[in-house]
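Breakdown of the fold
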Amino acid sequence: MSSAYKPIDQNYRELLEALVAKRATARLQFYSDIGEFLTLHATLKELVKRGEEEYLVLTTGEEIRLDRIVRVDDKPAPGYDESFFQCDVH
């Protein structure tokens, strides 16, 4: 997993901002710092910026780097389409 931060699409950032403003509870899918693909349900607290990196902070205190988010509820992040979320059946 690349450690260099890649700014996210502005429209997706605005979606995250809107969810944070409502303190929404959402299903998040993302990659951890060590490349694990994780899914969790959490309440979104705020967006913070540290240097060039931006993070989604959850009410649990956990922080997820924005460029590692794959999907929030049913909205895939740019670069991920529905085929990414389907199991490979052969």
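Quick look at the structure, then. (Residues numbered from 1 in each chain as written. Predicted model: local features only at pLDDT ≥ 70, side-chain atom pairs only at ≥ 80, totals over all residues. Heavy atoms only, no water.)

Helix and strand content of the protein: 1 helix and 6 strands. In sequence order, the secondary structure elements of the protein are arranged as α-β-β-β-β-β-β. By sequence separation, contacts in the protein at least 24 residues apart represent 48% of the contacts at least 6 residues apart. (Helix = DSSP H or I, 4+ residues; strand = E, 2+ residues; numbered from the N terminus. Contact = heavy atoms within 4.5 Å.)

This part covers the nonpolar core. Membership of the largest hydrophobic core comes to 20 residues, with the highest contact counts inside it found for Leu28, Leu44, Leu56, Leu58, Ile69 and Val72. Among the secondary structure elements, those contributing two or more residues to this core are α1 (10-21), β1 (25-31), β2 (37-50), β3 (53-58) and β5 (69-72). For this core, the leading source of residues is α1, giving 4 residues. Residues in contact with Leu28, not counting those within four places in the same chain, are Leu38, Thr39, Leu40, Leu44, Leu56, Leu58, Ile64, Arg71 and Val72. (Core = buried A, V, L, I, M, F, W, Y, C linked by side-chain atoms within 4.5 Å. Buried < 20%, exposed > 50% of the residue type's maximum accessible area, 1.4 Å probe, protein only.)

Here we come to α1. For α1, built from 12 residues, the straight-helix expectation of 16 Å at 1.5 Å per residue is met to within 8% by its first-to-last C-alpha distance of 16 Å. Along α1, the positions that sit buried rather than exposed are Tyr12, Arg13, Leu16, Leu19 and Val20. One face of α1 carries all of its buried residues, which in axial projection span an arc of 120°. Across from the buried face of α1, at angles greater than 90 degrees, the exposed residues are Asn11 and Ala21. Elements in contact with the buried residues of α1: β2, β3, β5 and β6 (75-76). Arg23 sits one or two positions beyond α1 and adopts a positive phi of about 50°. (Expected span 1.5 Å × (residues − 1). Arc of directions from axis to C-beta.)

With that settled, consider the sheet that holds β1. The antiparallel open sheet is built from 6 strands, whose spatial order is β4-β3-β2-β1-β5-β6. Each edge of the open sheet carries a strand with a single partner, namely β4 (63-65) and β6. Relative to β3, β2 runs antiparallel, the two being bridged by 6 bridges. Residue pairing for β3: Lys49 is matched across the bridge by Glu54. Its contacts with the sheet put α1 on β2, β3, β5 and β6, and the angle it makes with β2 is roughly 95°. (Pairing = 2+ DSSP bridges. Axes fitted to C-alpha atoms, helices over the stretch in contact; angles between N-to-C directions.)

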